[in-house]
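Inside the fold
Chain by chain, the residues:
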Amino acid sequence: MSDQAWDTLSIQAVSAAGVVYFLALMAYSAQWAAKRGLVAGDESPRAEVFGRFAFLLTGVAGGVHLLALVARGLAADPNRVPWGNMYEFTLTASFVAVLVTLVFFRRWDLGFLGPWVVGLVMVVLMADVIWLYEPVAPLTESLSSPWLVIHVIAAITATGVFTVAGLVSILYLLRSSGRMPSLPAAEVLDRLAYRLHAFAFPIWTFAVLIAGPIWAHQAWSRYWGWDPKEIWAFITWVVYAAYLHARATAGWKGRAAAIVALIGLATLWFNFIGINFFFGGGSQHSYA
Amino acid sequence: MATTNGPAQGNERLPGELTARELLRWSWRQLTSMRTALVLLFLLALAAVPGSVIPQTAVDSFAVSQWKKDHTQLAPIYEKLGMFEVFSSPWFSAIYILLAISLVGCILPRTKVYWRGVRAAPPAAPRNLTRLPDSASFTTSDAPAVVLDTARAALRGKRYRVVVSEGAVSAERGYLREAGNLLFHVAVLVVLAGFAIGSLWGYKGGVIITQGTQFSNTPTQYDDFTPGKLTKAGALDSFSLQLDRFDIEWLYSGPRKGMAHKFVAGLTWWDADGKKNTYDLRVNHPLSIGGTDVFLIGHGYSPVITVRDGEGNVAYSGPTPFLPQEQRNFTSYGVVKVPDAKPKQIGLEGLFLPTYNGDPLNSAMGNDLNPLITMQAYAGDLGLDSGAPQSVYALDTKHMKLLAKPGGKMFRVDLKPGESIDLPGGNGSVTFDGVQPWVRLEIAKKPGTMLALGGAILALLGLCASLFIRPRRLWVRATRTADGETLVEVAGLDRSAGGDLSDDLTAFVAALQGAATARDKTAGASGVQEDQ
Ligand code: HEM
């Protein structure tokens, strides 16, 4: 296949994934509707069927989403990992969000989370295509390094998981203030949020404080330069460390900790999107 | 992490009155409390923010001077607050030093507690197991000793530390979690130490070398050189290097058209013993000489210019690095100073265009397809004898006269390679001989880097242990009931932050129960019933 054909395929796959995510969301709504009026603990066979169907559709959409990523990498000349600009980062991070949800679906009983993740990813994909799209281009010299692959995949994975974790923290805050009684109990949500954050935190640590500096050393001759992107990565790390501490501190566990986690998520996304827009050329990390 | 104080001990004193010693103790307790650590972490995050909004001298000193020009009111205030050097400012340092002290104050007592805990046996079973949040019970016809034996074997198999006493099994595992947590916090200090060593005893510097020229590693040969506060003169490893060639590939099509890639600087270098080596220096592939790293961080052009003075002698000849104004088309600015020219010193100032395409201000491309120099010429005193240091990239024209054609018409030195032009007023001539590429090298030595990296890796390992190991305690008690059955009570305690024991406990109870039932069956088949 020609590069052009891969490019076209990638774009079509993004649209197709968006459509299937939408169908999954519909299936989730149907499941929700079928469950309405049931007392907690009661089973509804119809809801069960819709739930399975929604899971299946999410899986299919995730597969098409992955195809979009692979095709994007194959469309470049020379072929490369699809992590060269913000469009590609966002495409990948949203895929990671879906992937963790699917992988831990059974183990952590994530049925309730499905519609939220799918809805969020759908919106993010739309925003990505509308505002962040860039044509395929080869990587700049300093980006073509094996450490790019390692550093960026870790940063993106952590971003995807932190995002899902933040979503759970929001649901926890809502649930613990008495809204949305159909969600799992507040303690369950709190524990799940912690597990997701605890899963993402070491990955972020590795991306930002180990792989990043090694790569920066090779590419820019310094490990750590307090460049705006690095500063905000550090801020994110410190805020999430504060979250982990907050959970172990009397008076901070629970709601306060969840709010700290959401501040962490805000710094993460500000760094991801905001730095490139507001600081532009001021950061060595601006890829535009 | 005690944050509350016991009641004041002296009877005579008013409540709230403290001796100096108590005050000290109280402050120490406050400083090393988890709550303080939390607040300090927040402060650290907050304190880093201005560093990303306000230009920083260490990152881009040019941006700082620009910013100061644009904000004349704020600049002096910001200057006083250290806003242009946030990460070396007293207040930023104060926060992380307090955090480090708090960290030490936190690690030491916890290490002691941990040390004792690791050697102690798992705690005895609480009196009332079913009061614990995760508990279960069942009855069986097996004797208590048999049940406890099974439980002990099963728990051993799951790497619990087990003791049996007073009709109950106590088991504990996951000791490594706290070890991991301690390792993580110690390792954070190691990383800090590594970076401190690097910035105190290391150095870094930049130098431009043109193809065919040499550099040897002494401070005077650098264009800019930043030693650490404690760097000794002998810290510079002795080596020298030469740029043999510089290869580059320009893109003539595609979305990055006009940009370049595949930069390779072919170096010859000599180590301290004079042994000769070669190395192809590329972006992302620094050259390591001992503990010193050499990086390729930029490139440009050095026009080779020859200046003859008014007396007809060659007063200057050689490649002169011009600095690119623009990474896209490499329109470059440069200065030629000819102090040896007689009767008057000569200075040239202007642009080098690698691809001249009719526009005297902008090169069409970064590639040197049609090079041109377009400069103004000055004669007079270069001001080099005053003793004040001068940049080689700036011409001080205070005591010089701009050369013009007879009649005052504008005169420019516009030359293509191989061309010459006479300077007006009998001041000599300028020849543009050709173009050589230059590369900018960054040379840095950071001792302590390996320490920091090692610390970071240990921190990560410790962190994973701390987050993913689930310390838990389990107890099994078996008692004979009045009706001759055995009542088995099982309870557990998950001591990690994200713990959820109930599933595992259910599985464990099921296994115990299963074993008991299986024994019942085999015992039934062989016709032997214990205790009957
Ligand atoms: C440089 C500053 C610090 C950083 C980056 C940091 C980071 C962390 C992280 C990431 C954890 C999570 C590990 C876990 O949940 O098991 C943690 C846990 C912990 N930290 Fe720190 N910490 C710092 C300073 C401190 C200080 C000063 C104290 C002492 C007051 C402290 C006491 C603790 C304790 C007791 C835990 C265990 C919490 C638990 O049981 O979950 N830390 N720290």
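Residues numbered from 1 in each chain as written. Chains lettered and ligands numbered in written order. Predicted model: local features only at pLDDT ≥ 70, side-chain atom pairs only at ≥ 80, totals over all residues. Heavy atoms only, no water.

In the annotation of an unreviewed UniProt entry, the entry for chain B reads Cytochrome c biogenesis protein ResB, and the organism field reads Nocardioides jejuensis. What UniProt states about chain B under its Subcellular location (unreviewed entry) heading is, verbatim, "Membrane". (UniProt positions renumbered as here; feature names shortened; annotations may be inferred.)

Within an unreviewed UniProt entry, the label attached to chain A reads C-type cytochrome biogenesis protein CcsB, and the organism entered is Nocardioides jejuensis. Listed in UniProt under the heading Subcellular location (unreviewed entry), the comment for chain A reads: "Membrane".

Let us look at the overall build of chain A. Counting its regular elements, chain A contains 8 helices and 0 strands. The C-alpha radius of gyration computed for chain A amounts to 20 Å, which stays within 12% of the reference 19 Å derived for 288 residues, consistent with globular compactness. Taking the principal axes of the C-alpha coordinates as reference, chain A spans close to 60 × 55 × 30 Å. Every one of the 288 residues in chain A was classed for burial, and the buried ones make up 58%. As displayed, chain A has an accessible area near 11,900 Å², and 69% of this comes from carbon and sulfur atoms. Distance between charge centres in chain A, computed from 17 positive and 15 negative side chains, equals 13 Å. (Helix = DSSP H or I, 4+ residues; strand = E, 2+ residues; numbered from the N terminus. Rg over C-alpha atoms; globule rule 2.2 N^0.38 Å. Buried < 20%, exposed > 50% of the residue type's maximum accessible area, 1.4 Å probe, protein only. Areas by Shrake-Rupley, 256 points an atom, 1.4 Å probe, with all protein chains shown as cover. Lys, Arg positive; Asp, Glu negative; His and termini not counted. Charge placed at Lys NZ, Arg CZ, Asp CG, Glu CD.)

Contact with chain B, which involves 45 residues of that partner, is made by 48 residues of chain A. Run the count over chain B and chain A and you get 0 salt bridges. Inspection of the region where chain B meets chain A yields 2 residue pairs in polar contact (both at pLDDT 80 or more). Top element by residues in the side of chain B that touches chain A is helix α2 (residues 34-53) of chain B. It accounts for 12 residues. By residue class, the composition of the side of chain B that touches chain A is 29 nonpolar, 9 polar and 7 charged. (Contact = heavy atoms within 4.5 Å. Salt bridge = Lys/Arg side-chain N within 4 Å of Asp/Glu carboxyl O. Polar contact = N/O pair within 3.5 Å; in protein donor to acceptor, adjacent residues only side chain to side chain. Nonpolar A, V, L, I, M, F, W, Y, C, P; charged D, E, K, R; others polar.)

Residue and element names in this part refer to chain B. Under the feature "transmembrane region" (unreviewed entry), the UniProt entry names residues 37-58, 91-109, 182-203 and 450-469. In the segment residues 37-58, helix accounts for 77% and strand for 0%; the C-alpha atoms at its two ends are 29 Å apart. Along residues 450-469, the helical share is 95% and the strand share 0%, with 28 Å between the first and last C-alpha atoms.

Let us look at the packing of helix α2 (residues 45-75) of chain A against helix α3 (residues 86-103) of chain A. Residues and elements named next belong to chain A. At a minimum axis separation of 10 Å, α2 and α3 run at an interaxial angle of 150 degrees. In terms of axis orientation, α2 runs roughly antiparallel to α3. Crossing of α2 over α3 shows left-handed handedness. In this structure, α2 contributes F55, T58, G59, G62, H65, L66, L69 and R72 to the contact, and α3 contributes Y87, E88, L91, T92, S94, F95, V98 and L102. (Axes fitted to C-alpha atoms, helices over the stretch in contact; angles between N-to-C directions. Parallel < 35°, antiparallel > 145°, perpendicular 65-115°, else oblique. Left-handed = near helix turned anticlockwise from the far one by under 90°.)

Moving on: the coordination of the iron atom of the ligand. For the iron atom of the ligand, the protein coordination sphere consists of H245(A) (NE2) and H185(B) (NE2), at 1.9 to 2.0 Å. Coordination at the iron atom of the ligand is octahedral: its 6 donor atoms span angles of 83 to 178 degrees at the metal. In this pair, H245(A) is assigned in helix α7 (residues 228-247) and H185(B) in helix α7 (residues 176-201), connecting two distinct chains. For the pair shown, H245(A) and H185(B) are each scored as buried. (Donors = N, O, S within 2.8 Å, 3.2 Å for Na, K, Ca; no water. Tetrahedral: all angles 85-135°; square planar, octahedral: opposite > 155°, others 65-115°.)

Moving on to the domain arrangement of chain A. All names here are of chain A. In terms of domain boundaries, chain A breaks down into domain 1 (1-138) and domain 2 (140-288). The centre of domain 1, based on its C-alpha atoms, is set 21 Å off from the matching centre of domain 2. With 22 residues of domain 1 at the interface, the matching set in domain 2 holds 29 residues. It is W83, W108 and F112 in domain 1 that bury the most area against domain 2; as a group they hold 26% of the surface buried on that side. (Domains from an automatic or database assignment. Buried area = accessible area lost by both parts, 1.4 Å probe.)

So, about the pairing of strand β3 (residues 168-173) of chain B. The side chains of a regular strand alternate, residue by residue, between the two faces of the sheet. Residue and element names in this part refer to chain B. Within β3, 5 of the 6 residues are buried, which leaves the element mostly enclosed by the surrounding structure. Direction of pairing for strand β2 (residues 161-165) relative to β3: antiparallel, over a ladder of 5 bridges. Within β3, the residue paired with V163 across the bridge is S170. Linking β2 to β3, which pair antiparallel, is a turn of 2 residues; within it E166 sits at a positive phi near 50 degrees. One ladder, built from 6 bridges, connects β3 with strand β21 (residues 472-480); its direction is antiparallel. Along β21, the bridge assignment pairs V169 with V476. (Pairing = 2+ DSSP bridges.)

Turning our attention to the site of the ligand. Neighbouring the ligand are 24 residues; H245(A), S102(B), C106(B), H185(B) and S466(B) lie closest to it. Residues within reach of the ligand are spread across chains A and B. In the environment of the ligand, an oxygen atom lies 3.4 Å from a nitrogen or oxygen atom belonging to the side chain of N181(B). Contacts to the ligand include S466(B), whose side-chain N or O atom sits 2.5 Å from an oxygen atom. Looking at the shell around the ligand, the elements that each hand over two or more residues are α6 (186-220) and α7 of chain A together with α2, α5 (90-119), α7 and α8 (449-468) of chain B. (Near = heavy atom within 4 Å.)

Turning our eyes to something else, we now look at the nonpolar core. As a rule of thumb, nonpolar side chains are buried together in soluble globular proteins. Formed by 108 residues in total, the largest nonpolar core has its most connected members in Y21(A), L113(A), F162(A), F201(A) and W204(A). Of the residues forming this core, the biggest block, 16 residues, is contributed by α6(A). The residues touching Y21(A), leaving out its near neighbours within four places in the chain, are T58(A), A61(A), G62(A), H65(A), V98(A), V118(A), V121(A), M122(A) and L125(A). In this structure, Y203(B), I305(B), V336(B) and V430(B) belong to the second largest nonpolar core, which totals 49 residues. (Core = buried A, V, L, I, M, F, W, Y, C linked by side-chain atoms within 4.5 Å.)

Another point: the packing of α6(A) against α7(A). Geometrically, a packed helix pair is captured by the angle between its two axes and the distance between the axes. All names here are of chain A. Contact pair α6 / α7: the axes reach a minimum separation of 10 Å and the direction vectors enclose 150 degrees. Regarding the angle of α6 to α7, the classification is roughly antiparallel. Every pair of crossing elements has a handedness; the one defined by α6 and α7 is left-handed. Residues D190, A193, Y194, H197, F201, W204, T205, V208, L209 and W220 of α6 pack against E230, A233, T236, W237, Y240, A241, Y243, L244 and R247 of α7. Its residues assigned to classes, the contact of α6 with α7 comprises 13 nonpolar, 3 polar and 3 charged.

All names here are of chain A. The final tally for this structure, using the stated rule, is 3 cavities of 30 Å³ or more. When its volume is computed, the second largest cavity comes out at roughly 50 Å³. Y28, T58, V98, T101, L102, F105, G114, V117 and V118 are the residues that line the second largest cavity. Among the secondary structure elements, those contributing two or more residues to the lining of the second largest cavity are α3 and α4 (114-132). (1 Å grid on protein atoms, 1.4 Å probe; cavity = no way out; pocket = protein on both sides within 12 Å on 5 of 7 lines; lining within 4 Å. Points joined across faces, edges and corners; volume = space filled by probe spheres on them.)

All names here are of chain B. Taken together, W28, Y96, I97, L98, I101 and L192 make up a surface patch of nonpolar side chains, about 510 Å² in accessible area. Sorting elements by how many residues they give to the nonpolar patch places α5 first, with 4 residues. With respect to the secondary-structure elements, I101 resides in helix α5. (Patch = residues over 30% accessible without salt bridge, like charges linked within 9 Å, V, L, I, M, F, W, Y side chains within 5 Å.)

Before going further, it helps to spend a moment on the sheet that holds strand β7 (residues 240-250) of chain B. All names here are of chain B. Spatially, β5-β7-β8-β9 is the arrangement adopted by the 4 strands of the open sheet, whose pairing is antiparallel. Every other strand in the sheet has two partners, leaving β5 (214-216) and β9 (276-281) as the edge strands with one partner each. Adjacent strand axes in the sheet meet at a mean angle of 25 degrees, parallel and antiparallel pairs treated alike. With 6 bridges joining them, strand β8 (residues 260-270) and β9 adopt antiparallel strand pairing. Bridge pairing links W269 to N277 in β9.

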